[in-house]
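Geometric and topological summary
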Amino acid sequence: MAMSSLSPATSSVRSIYRQPRISPPKTLLSLQGNKLSWSSSASYVKLQAKVALVVKGLPKKRDPIIKCATMEEIEAEKSLIEKNARERMDKAIDSVLSNFNSIRTGRSNPAMLDKVEVEYYGSPVNLKTIAQISTPDSSSLLVQPYDKSSLKSIEKAIVNSDLGLTPNNDGEVIRLSIPQLTSERRKELSKIVAKQAEDGKVAIRNIRRDAIKSYDKLEKEKKLSEDNVKDLSADLQKVTDEYMKKIESIFKQKEKEVLTV
């Protein structure tokens, strides 16, 4: 007998053993360290990607940028520092010359009175600014004040100076006789001249030292390289040697003048 339909009992059994539904595979997404991993249990496919993490509030680290000075900038720095050094060295030379000129050598020279300060209306002024100084002959000086009322003050200033001169005030002008130097006095003056020349050389070396410090400062600021500083220092040494020779030259000349009878 053909079975065209199921009995109630058979229908109940089929509903009990109904095949369960299979859910689609779950997708897994996880962040591990600095990698993003994705996997599917169905296809066994994995996808990994590097992720750059950016945290707000923290500056991004940048590589340092080192800027090298151009030749024009190096020359400009060199010119400025060398110009300043030369100006200071010129003043050092002038100071040495002024000291030399103030030393009497047995011959009249207006520069002998360069350092004489006179009390004029309550203020110290240089003698040259209030009087005309001339040399009538090789063994005397003539001081003619622009204001005759200053004669007494000028006379007092000359007496108090270390020149060792005796002024002769006639009410119009002051005459100074330059006595001849003894052999012992000439030797003493020669030592004084040598000391003044050495002081001038020390001043020149100190100026060079200051200029080198300026170059070193530029190197620390990354404006000059170590090689730049070496080259500039070598050029500066040439300038220093030039001024050293100038001092040595005027020293020899003054020494000869002091020792010559």
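Procedures and definitions
Residues numbered from 1 in each chain as written. Predicted model: local features only at pLDDT ≥ 70, side-chain atom pairs only at ≥ 80, totals over all residues. Heavy atoms only, no water. Helix = DSSP H or I, 4+ residues; strand = E, 2+ residues; numbered from the N terminus. Contact = heavy atoms within 4.5 Å. Areas by Shrake-Rupley, 256 points an atom, 1.4 Å probe, with all protein chains shown as cover. Buried < 20%, exposed > 50% of the residue type's maximum accessible area, 1.4 Å probe, protein only. Pairing = 2+ DSSP bridges. Core = buried A, V, L, I, M, F, W, Y, C linked by side-chain atoms within 4.5 Å. UniProt positions renumbered as here; feature names shortened; annotations may be inferred. Axes fitted to C-alpha atoms, helices over the stretch in contact; angles between N-to-C directions. Polar contact = N/O pair within 3.5 Å; in protein donor to acceptor, adjacent residues only side chain to side chain. Salt bridge = Lys/Arg side-chain N within 4 Å of Asp/Glu carboxyl O.

Some points on the overall build of the protein
Counting its regular elements, the protein contains 5 helices and 9 strands. The order of α-helices and β-strands along the protein, N terminus first, is α-β-β-β-α-β-β-β-β-α-β-β-α-α. Considering only contacts within the protein whose residues lie at least 6 apart along the sequence, 56% involve residues at least 24 apart. When the accessible area of the protein is evaluated, it comes to approximately 18900 Å², of which 54% is carbon and sulfur surface.

Structural notes on the pairing of strand β9 (residues 174-177)
Across the two faces of β9 the burial differs, with I174 and L176 buried and R175 and S177 not buried at all. Here strand β7 (residues 140-145) runs beside β9; their pairing, made up of 4 bridges, is antiparallel. Following the sheet pairing, S140 is matched in β9 by S177. Alignment of strand β8 (residues 167-169) against β9, held across 3 bridges, turns out to be antiparallel. Within the sheet, the bridge partner assigned to N168 lies in β9 and is R175. With antiparallel pairing between neighbouring strands as the criterion, β8 and β9 make up a hairpin whose turn holds 4 residues, including G171 at a positive phi of roughly 90°.

Focus: the nonpolar core
For soluble globular proteins, the rule of thumb is that nonpolar side chains tend to be buried together. In this structure, F100, I204, Y215 and L224 are the most contacted members of the largest nonpolar core, which totals 30 residues. Within the residue set of this core, elements represented by two or more residues are α2 (71-101), α4 (183-220) and α5 (226-259). By residue number, the principal contributor to this core is α5, which donates 10 residues. Those residues in contact with I204 that lie beyond four places of it in its chain are M89, A92, T240, Y243, M244 and I247. L113, A131, I133 and A157 belong to the second largest nonpolar core, which has 19 residues in total.

Looking at the UniProt feature "coiled-coil region" (unreviewed entry) in the protein
Feature annotation in UniProt assigns "coiled-coil region" (unreviewed entry) to the following positions: residues 208-242. Measuring from the first to the last C-alpha atom of residues 208-242 gives 12 Å, for a span that is 86% helix and 0% strand.

Some details on the sheet that holds β9
One open sheet accounts for 4 strands, arranged β6-β7-β9-β8; its pairing is antiparallel. In the strand order of this sheet, the two ends are held by β6 (131-137) and β8, each with one partner. Neighbour to neighbour, the strand axes of the sheet diverge by 25° on average, direction disregarded. Here helix α3 (residues 151-160) sits on the sheet and contacts β6, β7, β8 and β9; the angle it forms with β8, its principal contact strand, is near 165°.

Some details on the side chain of S233
Of note, S233 is situated in helix α5. A polar contact is formed between the side chain of S233 and the backbone oxygen of V229, at a distance of 2.7 Å.

Remarks on the pattern of salt bridges
Taken as a whole and judged by the stated rule, the model has 17 salt bridges. With a closest N to O distance of 3.4 Å, R209 and D210 form a salt bridge. A salt bridge links E242 to K246, with the shortest nitrogen-to-oxygen separation between them at 3.9 Å. With E242 and K246 both in helix α5 and 4 residues apart, the pair spans about one turn of that helix. K246 sits in the partly exposed class, given a relative accessible area of 35%.

Remarks on the environment of L142
Considering the arrangement of structural elements, one finds L142 in strand β7. As for L142 and A131, which are separated by 11 residues in sequence, their C-alpha atoms are 9.8 Å apart. Setting aside residues up to four positions removed in sequence, L142 forms contacts with Q132, I133, S134, P136, V173, I174 and R175.

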